[in-house]
Amino acid sequence: MVFDTLQFEIKEQVGYLTISRAKALNALNVKVLDEIESFVKTLDTKQIRVLIVQGAGDKAFVAGADIKEMSSLTPEDAKRFSQKGQRVFSLIEDLPFPVIAVIQGFALGGGLELALSCDILIMETKTKIGLPEVSLSLLPAFGGTQRLSRSVGLYRAKEMIFTGDFYTAKEAFEMGLANKVVDKKDLLKTAESMAQTIKSRAPIAISKSKKLIHQSRDFSIDKGLELEAKEFGDLFNYEDSREGIEAFISKRKANFKGL
């Protein structure tokens, strides 16, 4: 796949997606969103066990939406722009494998909303995050008002959105928004190490687990438990489950094939 604003490669079943607008701090404009949507829709998910998402350069993961492009939007244009961002980030969230956001520098506005659509967030020590939209008399419209509270809780999300303040990586970690905070030099290495661990596990079991975790936001505990038991039973239809159990009993390393 060839894009103007994205770079993509696969190394040993780990995908690397880079938002490549370093001069614009990787800001999200319509073209970037269109290309991400095209990328996700045409991606051969069977080739990938883990996807790592990062921004080009060393100043920002994604600094936000492209404000200059937004300046000429009509109310109807703005609604469509919001819906486009929501649709694209939901596509990322619904990918059947784990997505790791590698965050250096700024992750603001749409950049943080992109990170919130990922499964695991790894930040460098100097990362700054925030949803500053209200300082422009706007609101987080790529899913931020919905996903943030599900990640950090209702009251913390209200504080972050109402103040528009920036937060450090340490604060993000303390509120449960960052899985790990590491030195910049160790950022990608940490993500790759986690990707290798995930890659060594059974992909079907991971995919089902991810789906169940996301569904739990919308269902009662009883409904969630019912689905959990159903998916657990379904795993016994797959070769990987037999392989995992037999490998454990035989005290050997399992060889999972996604079957």
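Residues numbered from 1 in each chain as written. Predicted model: local features only at pLDDT ≥ 70, side-chain atom pairs only at ≥ 80, totals over all residues. Heavy atoms only, no water.

Student: Would you mind showing me how to read the sheet that holds strand 3 (residues 50–55) here?
Tutor: The pairing of strands in a sheet happens through backbone hydrogen bonds and is either parallel or antiparallel. Read from one edge of the open sheet, 6 strands run 1-2-3-5-7-10, paired in mixed fashion. The open sheet has two free edges, formed respectively by strand 1 (6–11) and strand 10 (180–182), since each of these has just one partner strand. Neighbour to neighbour, the strand axes of the sheet diverge by 20° on average, direction disregarded. Bridging between strand 7 (residues 120–124) and strand 10 involves 3 bridges; their strand directions are parallel. Residue pairing for strand 10: Glu124 is matched across the bridge by Val182. (Pairing = 2+ DSSP bridges. Helix = DSSP H or I, 4+ residues; strand = E, 2+ residues; numbered from the N terminus. Axes fitted to C-alpha atoms, helices over the stretch in contact; angles between N-to-C directions.)

Student: I keep staring at the nonpolar core and nothing clicks. Help me out?
Tutor: It is characteristic of soluble globular proteins that their nonpolar side chains tend to be buried jointly. Core analysis: the largest hydrophobic core is formed by 48 residues, its most contacted members being Phe61, Ile129, Leu148 and Leu177. The element contributing the most residues to this core is helix 1 (residues 30–42), with 5 residues. Core analysis: the second largest hydrophobic core is formed by 14 residues, Val14, Val50, Ile100 and Met194 among them. (Core = buried A, V, L, I, M, F, W, Y, C linked by side-chain atoms within 4.5 Å. Buried < 20%, exposed > 50% of the residue type's maximum accessible area, 1.4 Å probe, protein only.)

Student: Teacher, can you tell me more about the pairing of strand 3 here?
Tutor: Consecutive side chains along a regular strand alternate between the two faces of the sheet. Counting buried residues along strand 3, 6 of its 6 residues qualify, which places the element largely inside the surrounding structure. Of the two faces of strand 3, the one carrying Val50, Ile52 and Gln54 and the one carrying Leu51, Val53 and Gly55 are both buried. Note on the crossover from strand 2 (residues 14–19) through helix 1 to strand 3: the handedness is right-handed. Across 4 bridges, the pairing between strand 3 and strand 5 (residues 99–103) is parallel. The residue bridging Gln54 from the neighbouring strand is Val102, located in strand 5. (Right-handed = clockwise from strand over helix to strand, strands pointing away.)

Student: Looking at this structure, I do not really get the side chain of Ser82. What am I missing?
Tutor: When you line up the elements, Ser82 lands in helix 3 (residues 75–93). The contacts of Ser82, once residues within four sequence positions are left out, are Ala141 and Phe142. (Contact = heavy atoms within 4.5 Å.)

Student: For this particular structure, what's the right way to read the pattern of salt bridges?
Tutor: One side chain can pair with another of opposite charge once the charged atoms of both are near each other. Taken as a whole, this structure holds 18 salt bridges when the rule is applied. Two residues, Glu231 and Lys208, come together in a salt bridge whose shortest N-O distance is 2.4 Å. Separated by 23 residues along the polypeptide, Glu231 in helix 10 (residues 221–235) and Lys208 in helix 9 (residues 203–215) bring together distant segments of the chain. Across the pair, exposure class does not vary: Glu231 and Lys208 are buried alike. As a salt-bridge pair, Glu243 and Arg252 come within 2.7 Å of each other at their nearest N and O atoms. Residue classification places Arg252 among the partly exposed residues on the basis of a relative accessible area of 38%. Three or more residues are tied together by salt bridges with common partners; here these are Glu37, Lys41 and Arg87. (Salt bridge = Lys/Arg side-chain N within 4 Å of Asp/Glu carboxyl O.)

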